[in-house]
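Each chain is listed here by its residues.
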Amino acid sequence: LPPTLTGVRLDAAAEVGGVVTLTGRYADRGGDAVTVRVDWGDGTIADAALDPAAGAFTATHRYAGPSAGRRVTVTATDNDGGRTVIAPGEVRVGN
């Protein structure tokens, strides 16, 4: 079974150079180890910090330039190859 992602929250707007935060929860019914990766929509893909005891993850990012909307995607993968992908929204980056 693939891992699940729930309660995902994403800052919808930021100033150039400001920090955008993404948080949420993950679980794997098979008890497998899980990796959570974030594609920030600007060419940056990074692992989220995991809190396995709480089943929670956090990721932050700074956008270097303005944008009308950067589509963010989150991918949870377990060590059996199960994968879940969600797109919690877009981030508008202003001057």
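Conventions and cut-offs
- Residues numbered from 1 in each chain as written.
- Predicted model: local features only at pLDDT ≥ 70, side-chain atom pairs only at ≥ 80, totals over all residues.
- Heavy atoms only, no water.
- Helix = DSSP H or I, 4+ residues; strand = E, 2+ residues; numbered from the N terminus.
- Rg over C-alpha atoms; globule rule 2.2 N^0.38 Å.
- Buried < 20%, exposed > 50% of the residue type's maximum accessible area, 1.4 Å probe, protein only.
- Contact = heavy atoms within 4.5 Å.
- Areas by Shrake-Rupley, 256 points an atom, 1.4 Å probe, with all protein chains shown as cover.
- Salt bridge = Lys/Arg side-chain N within 4 Å of Asp/Glu carboxyl O.
- Pairing = 2+ DSSP bridges.
- Axes fitted to C-alpha atoms, helices over the stretch in contact; angles between N-to-C directions.

Enquirer: Which residues make up the overall build of the protein, and what values do they have?
Expert: A count of helices and strands for the protein gives 0 helices and 9 strands. Ordering the α and β elements of the protein from the N terminus gives β-β-β-β-β-β-β-β-β. Computed over its C-alpha atoms, the radius of gyration of the protein comes to 14 Å, within 12% of the 12 Å expected for a compact globule of 95 residues. Viewed in the frame of its principal axes, the protein has a C-alpha envelope of about 45 × 20 × 15 Å. Counting only residues that meet the buried cut, the protein has 35% of its 95 residues in that class. Of all intrachain contacts in the protein linking residues separated by at least 6 positions in sequence, the fraction that spans at least 24 positions is 58%. When the accessible area of the protein is evaluated, it comes to approximately 5,200 Å², of which 47% is carbon and sulfur surface.

Enquirer: Summarise the pattern of salt bridges; cite the residues concerned and give the values.
Expert: Under the definition given, this model contains 1 salt bridge. Close ionic contact of Asp47 with Arg37 constitutes a salt bridge, the shortest N to O distance being 2.6 Å. Here the residue Asp47 occupies a position in strand 5 (residues 45-47), and Arg37 occupies one in strand 4 (residues 34-39), the gap between them amounting to 10 residues. In this structure Asp47 comes out as partly exposed when scored by relative accessible area, which is 47%.

Enquirer: How would you summarise the sheet that holds strand 9 (residues 83-94) if you had to cite specific residues and measurements?
Expert: With mixed pairing, the 5 strands of this open sheet are ordered in space as 2-9-8-4-5. The open sheet is flanked by strand 2 (13-15) and strand 5, the only strands paired with a single partner. Averaged over neighbouring strand pairs, the angle between their axes works out to 30° when direction is ignored. Pairing between strand 4 and strand 5: 3 bridges, direction antiparallel. Paired with Arg37 across the bridge in strand 5 is Asp47.

Enquirer: Give a description of the pairing of strand 9 that names residues and reports values.
Expert: Examined bridge by bridge, strand 2 and strand 9 share 3 bridges and lie parallel to one another. Bridging from a neighbouring strand, Glu15 pairs with Gly94 of strand 9. As paired strands, strand 8 (residues 67-78) and strand 9 are joined by 8 bridges and run antiparallel to one another. Each bridged residue has a counterpart across the sheet, and for Ser67 the counterpart in strand 9 is Val93.

Enquirer: An account of the sheet that holds strand 3 (residues 19-27) is needed here, citing residue identities and associated values.
Expert: If you walk across this open sheet you meet the 4 strands as 1-3-7-6, and the pairing is antiparallel. Of all strands in the sheet, those with a lone pairing partner are strand 1 (4-10) and strand 6 (49-51), marking the two edges. Taking the axes of each pair of neighbouring strands and ignoring which way they run, one obtains an average angle of 20° across the sheet. Where strand 1 meets strand 3, 5 bridges bridge the pair, whose relative direction is antiparallel.

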